[in-house]
Amino acid sequence: MRALLQSCRSVQTAGLLLFFCLSDLPAQPVVAPTPQQAGSPRGDNVGDYNITNSWEVGYRFHSVDGNIGKYRSDVNFGNGIRLLGGSLGVHSRDGKGKWFDELLLDVRGLGNDPYQFSSFRAQKNALYRYDLLWRSNEYFNPALTISGGNHFLSTNRQMQDHDLTLLPQSKLRFRMGYSNNSQGGAGLSTGQWFDSRGDEYTFLSNIRRSQREYRVGTDIEWRKVKFSVTRGWEAFKDDTVYGTPTSPAGANINDNNSLSLIRRNEPLRGRTPYWRAHLQAETANVFTVQGKFTHSEGQRNFVYDDFAVGTDRLGGARNRQILLSGTGSRPVITGYLTLIWRPTTKWTLTNQTAYHNTRMNGQGRYSELNNGDAGLSLVSFQDLGIRTLSNTSDAAWQPQKWVGFFGNYQYAERRIRSAEITEFELPARVRPDEQFNRQKAGTGGLRLQPMKPLRISFSAEVGRNDKPFYPTSDKDYHALNARLQYRVAKYNFNTDYRSFTNTNSTSLFVHSSTGRTWSANGGWAPKAGIQFDGGYSYIHLDTLTGLAYFASFDLVERDRSYYLSNLHTIHGGAQFQIRKRVDVYAGYVRTQDRADGRSTAGQSGRPDVLVNPSTLALFTGAQVFPVAYQSPVARVSVVLHRNLRWNAGWQYYDYSERLLRLQDYSAHTGYVSLSYSF
Amino acid sequence: MSFPRAIPLIFSLLAVLSACRLAAQPTGAKSATASDAYAGSNACRTCHPNVALQFFRNPHNKTGVLANTPVDKAGCEGCHGPGKKHVDTKGGKDSIGAFSQMTPGQALDACLRCHSKDQNRANIRLSNHTQANVVCTSCHSIHQPESNRSLLSKRQADVCYGCHNDVRAQFSLPSKHRVNEGFMTCSDCHNPHGTNAATWKMGRRPHLVDTGLNNEQACMKCHVDKRGPFLYEHAAVRVDGCESCHSPHGSVNARLLKRPVILTVCLECHNGAGSFGRQADGVTTQSASHNMADPRYRNCTTCHVRIHGSNADRTFLR
């Protein structure tokens, strides 16, 4: 028996060691591409250049049991042949290539993966550097819990960024850039017609949005002064087309409201030209001053045309056309002045003053033609101005190599001006509202390094805001942070604790939130080719907020919304290399929100704070969303030839809600591939 | 309290004046790094062939190739300092600038001798990372990088997860930004080298979040359709930022929302309480026609579809 106990203890100890063990395995990404590359890391010499490359081509497959929409929302890998990953590096060996000295290309998921990525760099020392980043994301989200799934989206977003720097190593540099961000695809939206108490209808949208940005700039260095200026132009357009089949059904079968035709167009065009300037001067590494100034002038012009035919909720025949046009503008000015003083190597003192002013204006003319009445013509105007001034002072003192102290104090003041009016005719009566709020926050902390591989740090922050803008904003808050890190060649261990508590109270309502995070992770690499890692994370959040709402025309006040989340995450991984020929990886991630521990839809919570007798059942207990999400993964990669690898992998996803199981799914994904280097 | 509108100009003027004053000063006395103490990079190849043979791939190789690079910034000694003493004493970490022997501050100073020219590192001295002794060599590996592009020691997300384990957990949730999938990286939203104070919020939180087009939240870099300006702005987006309703790293809830159901996302602010909101008389409650006892009214965005801002309706109905 004693032997058995000892055996158990040793297994527990080994398990604990493994759990908190300590290495550098990558965080568990999706199963493919294979991280191991084909070919020699030294590359091959061709003329004056050295070339390294590795390309992985394979077949990805999947099978889903359960809610496919939720799977596509969370994971979205499909079937088919892919260029799972690839890299190419071409370097001039003497750094004096004729046209270029470096070419770098990395690709991922090309061919039809939902997440595709490609980056390219070409540069010639001292002459130019060109960077390209291209990305594509297939986004699918049924949003079942939002609007009952009627805000479904299936879109593709593509983004590309081009940046060219001329004379990159000189004291006078020139920069040019171009970015493009486009989104297209199908979506659903909802709306009401003829009456805000009428039925809700779902309609289709063909989403077509695109943004382009052009920018030029220059950087100048003169003695110890660096000056940089950028001029940019951003343009955005939205040509989404909305429509619905003839005679769509509403969401409520008992509603008399009906719709036989809708047509909606709302094209939008906008541009945002901007300036950025940055100046920095440094002397003998002791005193640095830097200033930054930005200005932009955002503007959007829009037209809204909505035509509908049907019956209102009382059964009367209706046709209505709404025409609306107008502009929105947002000039933004930002300025920073930062002073950094390092009187000795032990002291660093900084002060930053920031000024930010944004003013959002919008005005539009609304016209409505309606067979039910004489029609409407309204003028709308809105103004929202935010001006923030903040000053932050930081001090860091390191009296000894093993100990250091730091602290900062911040004062921020914000003025918010607001006006909003809708009138039948000009001049509109605009009564601006204005309010100020001020926030003071201080942080202090220390860091220790009693021995070289061990680092410990503590910090605490306290903040006070005299008049936050929202009931859930930060008002009286404090935060604690602690971290311990131990890192040597074979082991690493990291643990940290963070908490954030905020109370935002007024005479009738109180919002309080408490968040606590504790995590530990580590890795162990006992010898070359063998690595383990593992970790645990606990994220707690509870918030308590005052509510006021109508239930059957009765105003319910001083009710409470209590939200509770207790999120536990574990992850572990092991990697082995067998005779430098076979690489095996196995990993596991499990995330579980245990909430308040319940496993059924029955309510529980904090009866001590839920005292309102007219509370809806919805709010009588804690709002929780207990869910478990786990994903084991396994991968093997075999060297077939010096330049060829065979790879295969499998990853399983299991999503399981505890209360309603409408979105549950389990899915197997996998791939088989060859990695080749030419 | 009122501040003049010319404050940005005053800032700029102060910066220009300070810069001119500093530029007029001598660039510093001749330091201990006298040129006669340098041995040249060729001397290093003799004892460090494993580094030297592969160094042509390293972006720092250009410092040894370009003819006009100052000797104190060229080749191996550009980072490690004069090497003649190291050669004369036949090695030893005490006779050269070995980064493994440097304090974090010394390592930072060594890198910033060349890498301070970029704007995105302008705030590195006051970043939370620097305060916590997380400096260049904590994330970058010059001689054994995972990629030659930015010389990070590992894939970027793995570098960050190494300390931010709780963030790794958030990216393991069902609803998340696609960082683990390789579509985006931490630095799409964060600047680990330090940022200016986030003026879309009051305090220093959130930490190290980069800015979009003009000091706006990093979210707007990609979600350009939410940028506006709109005729009717949802003030929450502009005053307290996207995190008012969303958890940017990951969430168990759809669309990164902070609550599992829509109505509490909205009602927790729209409760008419206190002196909150645009008119400082409480954020508007819904009207009596919104019967929360009827499940039909609990999905607020079914009707208020343009919740990020609208050009057609002040209550975001269209």
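It should be emphasised that the depicted structure is a prediction, and the values quoted were computed from it without experimental measurement.

1. Structural notes on the overall build of chain A
The helix and strand tally for chain A stands at two helices and 29 strands. Here chain A holds 678 residues, and 39% of them are scored as buried. Across chain A, the fraction of contacts at a sequence separation of at least 24, relative to all contacts at a separation of at least 6, is 62%.

2. Details of the overall build of chain B
Within chain B, the secondary structure is distributed over 13 helices and four strands. Burial statistics for chain B: of 318 residues in total, 47% are counted as buried. A separation of at least 24 residues holds for 45% of the contacts in chain B among residues at least 6 apart in sequence.

3. Observations concerning the environment of B:A235
For B:A235, the location among the structural elements is in helix α12 (residues 235-239). According to the C-beta neighbour criterion, B:A235 is buried, with 21 such atoms within 10 Å. It is 44 Å that separates the C-alpha atoms of B:A235 and B:N148, two residues lying 87 residues apart in sequence. Once residues within four sequence positions are removed from consideration, B:A235 is found in contact with A:L384 and B:R278.

4. Overview of the interface of chain B and chain A
Listed per partner, the contact involves 120 residues of chain B and 168 residues of chain A. Of all the elements in the fold, those that place two or more residues in the side of chain B that touches chain A are α1 (7-24), α4 (61-65), α7 (104-115), α10 (156-161), α11 (165-170), β2 (232-233), α12 and α13 (262-267) of chain B. Top contributing element to the side of chain B that touches chain A by residue count: α1(B), with 11 residues. The residue makeup of the side of chain B that touches chain A, split by class, is 54 nonpolar, 41 polar and 25 charged.

5. Looking at the nonpolar core
A:Y470, B:A236, B:V239, B:I262, B:L263 and B:C266 are the most contacted members of the largest nonpolar core, which totals 33 residues. Listing elements by their share of this core, those giving two or more residues are β17 (376-400) and β24 (530-551) of chain A together with α12 and α13 of chain B. Residues in contact with B:V239, not counting those within four places in the same chain, are A:I386, A:I416 and A:F469.

6. Quick look at the environment of A:D161
Position of A:D161 relative to the elements: it lies in strand β7 (residues 153-166). Apart from the residues lying within four places of it in its own chain, the contact partners of A:D161 are A:L133 and A:S179.

7. Some remarks on the pairing of strand β26 (residues 582-593) of chain A
All names here are of chain A. Here β26 shows a buried face lined by D583, Y585, G587, V589, T591 and D593 and an unburied face lined by V582, V584, A586, Y588, R590 and Q592. Summarising the sheet, strand β25 (residues 554-578) and β26 pair through 12 bridges and their orientation is antiparallel. Bridged to I570 within β26 is R590. Two successive antiparallel strands, β25 and β26, enclose a turn made up of three residues, where R579 displays a positive phi of approximately 50°. Relative to strand β27 (residues 627-641), β26 runs antiparallel, the two sharing 12 bridges.

8. Quick notes on the pairing of strand β2 (residues 49-66) of chain A
All names here are of chain A. One ladder, built from three bridges, connects strand β1 (residues 44-46) with β2; its direction is antiparallel. Residue pairing for β2: V46 is matched across the bridge by Y49. The hairpin turn running from β1 into β2, its antiparallel successor, is two residues long, and G47 in that turn takes a positive phi close to 60°. Strand direction decides the pairing type here: β2 and strand β3 (residues 80-92), joined by 12 bridges, are antiparallel. Pairing of N53 across the sheet is with L88, part of β3. Sheet topology note: the β2/strand β29 (residues 665-676) ladder contains 12 bridges and is antiparallel. For F61, the partnering residue across the bridge sits in β29 and is G670.

9. Here's the deal with the confidence of the model for chain B
Residue and element names in this part refer to chain B. Considering every residue of chain B, the mean pLDDT works out to 83; 87% of them sit at 70 or more. Taken element by element, chain B is modelled with least confidence in α1, mean pLDDT 56, and with most confidence in helix α9 (residues 136-139), mean pLDDT 93. Note on residues 26-35: pLDDT is under 50 here. Beyond four places in sequence and across chains, it has seven contacts. Model confidence for the complex is summarised by a pTM of 0.90, with the ipTM given as 0.90.

10. Focus on the domain arrangement of chain B
Residues and elements named next belong to chain B. When its domains are assigned, chain B resolves into domain 1 (39-101), domain 2 (118-218) and domain 3 (228-310). Computed over C-alpha atoms only, the centres of domain 2 and domain 3 are separated by 29 Å. Counting residues at the interface gives 11 residues for domain 2, matched by 12 residues for domain 3. Those elements that place two or more of their residues in the side of domain 2 that touches domain 3 are α11 and β1 (175-176).

11. Remarks on α7(B)
Each turn of an α-helix holds 3.6 residues, which means side chains three or four residues apart point in the same direction. Over its 12 residues, α7(B) extends 16 Å from the first C-alpha to the last, a length consistent with the 16 Å expected when each residue adds 1.5 Å. By the burial criterion, the buried members of α7(B) are B:P104, B:G105, B:A107, B:L108 and B:A110. Check the buried side of α7(B) and you find it contacts β17 of chain A together with α5 (75-80), α8 (128-131) and α9 of chain B.

12. Notes on the environment of A:A122
All names here are of chain A. Position of A122 relative to the elements: it lies in strand β5 (residues 115-124). Judged by C-beta crowding, with 18 C-beta atoms within 10 Å, A122 ranks as partly exposed. Each C-alpha atom, one on A122 and one on G89, is 10.0 Å from the other, the two residues being 33 residues apart in sequence. With sequence-adjacent residues up to four places away left out, A122 is seen in contact with F100, L103 and Y130.

13. Remarks on unusual backbone geometry
Cis rather than trans, the peptide bond between A:A32 and A:P33 has omega equal to 10°. Omega for the bond connecting B:G228 with B:P229 falls within 30 degrees of zero, at 5°, which places this linkage in the cis form. The topology assignment puts B:P229 in the loop between β1 and β2. A positive phi angle is found at B:R255, which is not glycine, with a value near 55°. Its place among the elements puts B:R255 in the loop between β3 (250-251) and α13. Of the residues examined, B:R255 has 17 C-beta atoms within 10 Å and is grouped as partly exposed. We note that B:F316 has phi near 65°; this positive angle belongs to a residue other than glycine. Topologically, B:F316 is positioned in the segment after β4 (309-310).

14. Describing the confidence of the model for chain A
Residues and elements named next belong to chain A. In this model, chain A carries a mean pLDDT of 86, and residues with pLDDT of at least 70 account for 90%. Within the model, the stretch residues 1-5 combines pLDDT values under 50 with zero contacts to residues more than four positions away or in other chains. Contacts of residues 606-611 to residues separated by more than four positions or lying in other chains number nine contacts, the stretch itself having pLDDT below 50.

What counts as what
Residues numbered from 1 in each chain as written. Chains lettered and ligands numbered in written order. Predicted model: local features only at pLDDT ≥ 70, side-chain atom pairs only at ≥ 80, totals over all residues. Helix = DSSP H or I, 4+ residues; strand = E, 2+ residues; numbered from the N terminus. Buried ≥ 20, exposed ≤ 12 C-beta atoms within 10 Å, placed from the backbone. Contact = placed C-beta atoms within 7 Å. Nonpolar A, V, L, I, M, F, W, Y, C, P; charged D, E, K, R; others polar. Core = buried A, V, L, I, M, F, W, Y, C linked by C-beta atoms within 7 Å. Pairing = 2+ DSSP bridges. pLDDT = per-residue confidence, 0-100. Domains from an automatic or database assignment. Expected span 1.5 Å × (residues − 1).

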